[in-house]
Amino acid sequence: MPPTEKPEPSAADCPAPDGAPAETESPQSESTAGRHVDRRGIAVGALLLAACAGLVLYGVLDTQEKSAEPKRPTAAVTYEVTGEGTADLTYQARSESGTAVVARRVNLPWKKTVRVPLGKPPLVTITLDAEGGRARCALAVSGRHVQTATAYGSYGRATCQGALPAPENTTESLAPAQGDS
């Protein structure tokens, strides 16, 4: 009969020295311990990524312009141009800077009420075309008539202009009056 081969003993088959129980290392227990640490790392990374994405979205969605200067108070101004035909008009309109608006070939009569920043002069300018004619502008501030002018003839021009008070200094109006405590 042929001799049978005995398998060599492994570390798991041998008793541990000093009577301590033998530790067995299996590939399964090693990967389980590694996964637990990896999951925490992945969770922390995902949390940081979500926080960064939130900040980026906040920056993208928060596109509202913020003006460096506070809003200026305004006054109601009514411009009126009477006549026949068409004319080019330039008038002061609502904006922080009080910039002019140009309207080309406007059919007359025309009337518009706008808000103009205090301290900026409200004005309307009429420019007739080559055919000429006659047009009259009128300017009213807060319902009170300020000025009237007339343009006539070929390329005739007229300007109605008024004045608005300068805005009050709001920091002084907030200070208590003398004698108040």
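No experiment lies behind these values; they were computed from the predicted model shown.

Peer 1: Can you break down the pattern of salt bridges residue by residue, with the values?
Peer 2: Scanning the model with the defined rule gives two salt bridges in all. Between Asp-88 and Arg-104 there is a salt bridge; the shortest N-O distance is 3.7 Å. Taken together, the residues Asp-88 in strand β2 (residues 86-92) and Arg-104 in strand β3 (residues 100-107) connect sequence positions 16 residues apart. Judged by relative accessible area, Asp-88 falls into the partly exposed class, the value being 22%. Two residues, Arg-105 and Asp-129, come together in a salt bridge whose shortest N-O distance is 3.8 Å. Of this pair, Arg-105 sits in strand β3 while Asp-129 sits in the loop between β5 (123-128) and β6 (134-141), placing them 24 residues apart in sequence. Residue classification places Arg-105 among the exposed residues on the basis of a relative accessible area of 57%. Owing to a relative accessible area of 23%, Asp-129 belongs among the partly exposed residues under this scheme.

Peer 1: A description of the packing of aromatic side chains should follow, citing residues and the corresponding values.
Peer 2: Inspection of the entire model under this criterion finds two aromatic pairs. Relative to Tyr-91, the ring of Tyr-79 lies with its centre 5.7 Å away and its plane at 55°, an arrangement referred to as tilted. Linking Tyr-79 in strand β1 (residues 74-83) with Tyr-91 in strand β2, this pair joins segments that are twelve residues apart in sequence. As far as burial versus exposure is concerned, Tyr-79 and Tyr-91 are alike and both buried. On the numbers, 5.3 Å between centres and 50° between planes, the contact of Tyr-91 with Trp-110 is tilted. Here Trp-110 lies in strand β4 (residues 110-117) and Tyr-91 lies in strand β2, a separation of 19 residues in the sequence. As far as burial versus exposure is concerned, Tyr-91 and Trp-110 are alike and both buried. One aromatic cluster is present, built from ring pairs that chain together Tyr-79, Tyr-91 and Trp-110.

Thresholds, definitions, all that
- Residues numbered from 1 in each chain as written.
- Predicted model: local features only at pLDDT ≥ 70, side-chain atom pairs only at ≥ 80, totals over all residues.
- Heavy atoms only, no water.
- Salt bridge = Lys/Arg side-chain N within 4 Å of Asp/Glu carboxyl O.
- Helix = DSSP H or I, 4+ residues; strand = E, 2+ residues; numbered from the N terminus.
- Buried < 20%, exposed > 50% of the residue type's maximum accessible area, 1.4 Å probe, protein only.
- Phe/Tyr/Trp six-rings, centres within 6.5 Å; stacked < 30°, edge-to-face > 60°.

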